[in-house]
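Report on the structure
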Amino acid sequence: MTTEHPQDTFPRQSARTLRYTVGAPRSFAVAPDGSRVVFLRSRGGGDRANLLWTLDPATGVERVAADPHALLVGGEEHLSAAERARRERSREGSAGIVGYALDAAGAQAAFALSGRLFLTDLVGGQVRELPAAGPLLDPRPAPDGAHVAYANTAGELRISRTDGAGDRALASPETDGVTWGQAEFIAQEEMDRDRGYWWAPDGQSLLAARADDAPVQRWYIADPANPGTVPAEVAYPAAGTGNAAVTLWLIGLDGSRTEVHRDTEAFPYLARVHWSAGGPPLLLVQARDQRTQQLLTVDTASGATTVLAEETDPVWHDLFPGVPAWTPDGRLVRISDEGGARHLRIGDRAVTGAELHVRAVLAVGADEVLFTASAGAADEAAEPGRTGLYQAGPDGVREIGPEDAGTASAVRGGATTVLLTASADRPGTTARVLVDGKPVATVDSYAEAPLLTARPAFTYAGERRIPCAVFLPTGYDAERDGALPVLMDPYGGPHGQRVVQAHNAHLTSQWFADQGFAVVVADGRGTPGRSPAWEKAIAFDFAGATLDDQVDALRALAERYPLDLERVAIRGWSYGGYLAALAALRRPDVFHAAVSGAPVTDWRLYDTHYTERYLGHPEQRPEVYDANSLIADAPKLRRPLMIVHGLADDNVVAAHTLRLSSALLAAGRPHTVLPLSGVTHMTPQEQVAENLLLLQVDFLKQALGTA
């Protein structure tokens, strides 16, 4: 299942294997009765095309349920622009079958392939193409298995009968810019909501989002390397500008249509939708400033909504995976910040305390709720970066992940659980199948073994106990090699925890260390996994807290590690790119060189839901946006700075880099700009990703005088 590449280097191998994810099993689901495990995996570490597989927990036998090579003539995929955009939002770089959905029994799986609709009988093994008006997106079987619903690039929400007797539209756009059954840009990019419709438990109706992007401003992203190409028009909701208007409708298979009545002026963001047999449809909606949110139930006869709870927070509300949800007996499951801790609530009470920082709900059963959590901030004995697997049931809360796991997650159906674990001392993620808590099988991984071994040293730094991982060159000898030039390697912002107890997450940092650096990854204030106060300490102040914590971590670690504080560089991508450029501009006394990848340089150019959550509305807090912008700091540059940006990026658009570069040029400040033609916010192209690492090392060594 592996491919030999005798001339491989780590940069080349890492790029080719999408950071060692190709060939690894992923996207697990378990039938509700526990009778089968379903997952995606390619045939090897050199093949990006995923197949759909099943595993029988009774025998441990794996079987191919759908093979894209057999379903497509010549095996070649053709992706619509909408599908490419959806994959960009979800950071999906693989090919073949990249997603699927099951019916309520877990007996059928629907998936899109090259814009066409396929249905797999997971019991009998047959794969059929169903009639569909494609190119289509996000197919999902009805719970009863009689239909498959899907959205398409024409903006329609349609259903196809699984007996092959035809398909029809349930809703079609009335005007240009309207889509039915699709998540709008801001929901996909920032709310972690990648779907726009939800089946009723009886399979006779759906809740469907109608999104109208007419209020959203238009930007145009050109391809400068191909001047004959028409620029792509993008509806981009930048901070302070209009969002798509999103309404919700109940649509019956009998042709009925009822609008769900909610206050879209006060609560424009449709953040979560849950519909199960445990209760009526459940909505989580947020105010634009995200300081107030409501949990609503929907009357499916009239479309009226009832406020189940209204929550306020002086700073903002975060969104969490898996909640809100109903238990089968009708109790509400949610995650909430109370008393300085992040709790799991089931029904009327919090079932966890300050000892845990709850991260996500994974499964809700009749008697138990499965969830992940980190240690609470008060637990000073906890090792940085560990995420445990827990179960809340009649006997209280207990940890169920193995003791040797640094990070753990799971998928459950009936008595069958797929336990996913990783640790810092072994490559990849291990997927074990358990029945009634006892191991019965391990799902094979065909991912390539990394050419190097990461050796992170986990620790806390400074008075604020900043979680850190430190990397020294392989074979480093203190007496022989002395103090090392330092490379700070952060993300450093919201939603981006880098200090994690997992091996593969640290391979690139180790590779940079092996080039002769002491590499430091520091998760300062604003990063997740610590406490609500830690995450929210950056409110209205990206530039202050996140940069201060990088400096404090560096200086504290220099007391224990061989760090040469006269040769310090910093690199990062996205928020990390912002932080790297910020460090070079505002703290040249500490940082002597920086590589800034895809940085946000002016937060007025970034999107609404993310930016306004942390910095407020630009019309109400213009001084905050000015204080956190890099543009006005251009005359301060005294250190070598390389800025890298994909010209096709529609998330952090290239205007960020171009505006900073123009300001630097106007101030007479030399700098390097590396434009990447045809590259988006991801860099999945093998040659580009490989050479980016090599060019960064060369630049940093030259800048620090270590070449």
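The model shown is predicted, which means the values in this text are computed figures rather than measured ones. (Residues numbered from 1 in each chain as written. Predicted model: local features only at pLDDT ≥ 70, side-chain atom pairs only at ≥ 80, totals over all residues. Heavy atoms only, no water.)

Our focus in this paragraph is the overall build of the protein chain. Looking only at helices and strands, one finds 13 helices and 44 strands in the protein chain. For 707 residues, the compact-globule estimate of 2.2 N^0.38 gives 27 Å, and the protein chain sits close to it at 25 Å. Across its three principal axes, the protein chain shows a C-alpha extent of roughly 70 × 55 × 55 Å. Within the protein chain, the proportion of its 707 residues that are buried is 57%. Excluding contacts between residues fewer than 6 apart, the proportion of contacts in the protein chain whose partners are at least 24 apart in sequence is 60%. (Helix = DSSP H or I, 4+ residues; strand = E, 2+ residues; numbered from the N terminus. Rg over C-alpha atoms; globule rule 2.2 N^0.38 Å. Buried < 20%, exposed > 50% of the residue type's maximum accessible area, 1.4 Å probe, protein only. Contact = heavy atoms within 4.5 Å.)

A few words now on the packing of helix α8 (residues 542–557) against helix α9 (residues 575–586). Packing of α8 against α9 leaves a shortest axis separation of 10 Å and a crossing angle of 80 degrees. By the angle class used here, α8 and α9 are roughly perpendicular. From α8, Phe542, Ala543, Thr546, Leu547 and Gln550 reach across to α9, where they touch Tyr575, Tyr578, Leu579, Leu582, Ala583 and Arg586. Here the contact of α8 with α9 is built from residues that sort into eight nonpolar, two polar and one charged. (Axes fitted to C-alpha atoms, helices over the stretch in contact; angles between N-to-C directions. Parallel < 35°, antiparallel > 145°, perpendicular 65-115°, else oblique. Nonpolar A, V, L, I, M, F, W, Y, C, P; charged D, E, K, R; others polar.)

A word on the sheet that holds strand β28 (residues 349–350). Across the sheet, which stays open at both edges, the four strands sit in the order β25-β26-β27-β28 with antiparallel pairing between neighbours. Each having just a single partner strand, β25 (325–326) and β28 make up the two edges of the open sheet. Judged from the six bridges that link them, strand β26 (residues 332–338) and strand β27 (residues 341–346) form a sheet pairing that is antiparallel. Following the sheet pairing, glutamate 338 is matched in β27 by alanine 341. (Pairing = 2+ DSSP bridges.)

Below, the discussion takes up the nonpolar core. One finds Met488, Phe542, Tyr578, Phe591, Trp603 and Leu664 to be the most contacted residues of the largest nonpolar core, which totals 79 residues. Setting aside anything within four residues of it in sequence, one finds tryptophan 603 in contact with Ala239, Phe542, Tyr575, Tyr578, Tyr610, Thr611, Leu615, Tyr625 and Asn628. Membership of the second largest hydrophobic core comes to 30 residues, among which are Phe10, Ala469, Leu487 and Val679. (Core = buried A, V, L, I, M, F, W, Y, C linked by side-chain atoms within 4.5 Å.)

The next point concerns the environment of glycine 46. Positionally, glycine 46 belongs in the loop between β2 (37–41) and β3 (49–55). For the pair glycine 46 and aspartate 167, spaced 121 residues apart in sequence, the C-alpha separation works out to 37 Å.

Right, let's talk about the side chain of glutamine 293 for a bit. Summarising the element assignment, glutamine 293 is placed in strand β23 (residues 292–298). Among the polar contacts made by the side chain of glutamine 293, one reaches the side chain of glutamine 286 at a distance of 3.1 Å. Only 2.7 Å separates the side chain of glutamine 293 from the side chain of glutamate 311, close enough to count as a polar contact. Setting aside residues up to four positions removed in sequence, glutamine 293 forms contacts with Phe267, Leu284, Val285, Gln286, Ala309, Glu310, Glu311 and His317. (Polar contact = N/O pair within 3.5 Å; in protein donor to acceptor, adjacent residues only side chain to side chain.)

So, about the packing of aromatic side chains. On inspection of all chains with the given rule, the structure shows 25 aromatic pairs. Their ring planes at 65 degrees and their centres at 5.4 Å tell us that tyrosine 575 and tyrosine 578 sit as a pair that is edge-to-face. Note that tyrosine 575 and tyrosine 578 are positioned in helix α9 at a spacing of three residues, about one turn of the helix. Exposure remark for tyrosine 578: the relative accessible area of 0% places this residue in the buried category. Through successive ring pairs, a cluster of aromatic residues spans Trp316, Tyr491, Phe542, Tyr575, Tyr578, Trp603, Tyr606, Tyr610 and Tyr614. Over the ring of tyrosine 460 we find arginine 465; its NZ or CZ atom is 4.0 Å from the centre of that ring. (Phe/Tyr/Trp six-rings, centres within 6.5 Å; stacked < 30°, edge-to-face > 60°. Lys NZ or Arg CZ within 6 Å of the ring centre and 35° of its normal.)

A few words on the sheet that holds strand β30 (residues 369–375). Read from one edge of the open sheet, four strands run β29-β30-β31-β32, paired in antiparallel fashion. Edge positions in the open sheet fall to β29 (356–364) and β32 (396–399), since each of these has one partner strand only. Across this sheet, the average inter-strand angle for adjacent strands is 30 degrees, counted without regard to direction. Two strands pair when backbone bridges link them, and β29 and β30 are joined in this way by seven bridges, in the antiparallel orientation. When the bridges of β30 are listed, leucine 356 appears paired with alanine 375.

Within the element layout of this structure, leucine 389 appears in strand β31 (residues 388–393). Residues leucine 389 and glutamine 515, 126 residues apart in the sequence, show an inter-C-alpha distance of 36 Å. If we skip the residues at most four places from it in the chain, leucine 389 touches Leu362, Leu370, Phe371, Thr372, Arg398, Glu399, Ile400, Gly401, Ala408, Ser409, Ala410 and Leu419.

The next point concerns the side chain of arginine 334. Following the sequence through the fold, arginine 334 ends up in strand β26. Classification of arginine 334 as buried rests on a relative accessible area of 17%. Polar side-chain contacts of arginine 334 include one of 2.3 Å to the side chain of glutamate 311.

Turning next to helix α12 (residues 655–666). For α12, built from 12 residues, the straight-helix expectation of 16 Å at 1.5 Å per residue is met to within 8% by its first-to-last C-alpha distance of 16 Å. Among the residues of α12, those classed as buried are His656, Thr657, Leu660, Ser661, Ala663 and Leu664. Projected down its long axis, α12 shows its buried positions confined to an angular sector of 160 degrees, all on one face. Every exposed residue of α12 that faces more than 90 degrees away from the buried side is listed here: Leu665 and Ala666. Where α12 is buried, its residues meet α9, β43 (641–646) and β44 (672–676). (Expected span 1.5 Å × (residues − 1). Arc of directions from axis to C-beta.)

Tallied over the full model, the rule gives 36 salt bridges. Notably, a salt bridge pairs aspartate 549 with arginine 464, separated by 2.6 Å at the nearest N-O pair. Here aspartate 549 is found in helix α8, whereas its partner arginine 464 is found in the loop between β37 (457–461) and β38 (466–471), with 85 residues between them in sequence. Several salt bridges share partner residues, and in doing so they unite Asp313, Asp318, Asp337, Arg342, Glu535 and Lys536 into one network. (Salt bridge = Lys/Arg side-chain N within 4 Å of Asp/Glu carboxyl O.)

Moving on to helix α6 (residues 507–514). For α6, the buried fraction is high: six of the eight residues fall into the buried class. For α6, the set of buried residues is Leu507, Ser509, Gln510, Trp511, Phe512 and Ala513. For α6, the elements touching its buried residues are α1 (10–16), β38, β39 (484–488), β40 (518–522), β41 (563–573) and α13 (686–704). Note on α6: the residue one or two positions beyond its end, glycine 516, has a positive phi of about 110 degrees.

What follows concerns unusual backbone geometry. Here glycine 134 and proline 135 are connected by a cis peptide whose omega angle stands at 0 degrees. Residue proline 324 follows valine 323 across a cis peptide bond; omega there is 0 degrees. Along the polypeptide, proline 324 turns up in the loop between β24 (305–312) and β25. Phi angles above zero are rare outside glycine, and serine 27 is one such case at about 50 degrees. As for its placement among the helices and strands, serine 27 is situated in strand β1 (residues 26–30). Positive phi, normally seen in glycine, also occurs at histidine 495, with a value near 70 degrees. We classify histidine 495 as exposed; its relative accessible area is 52%.

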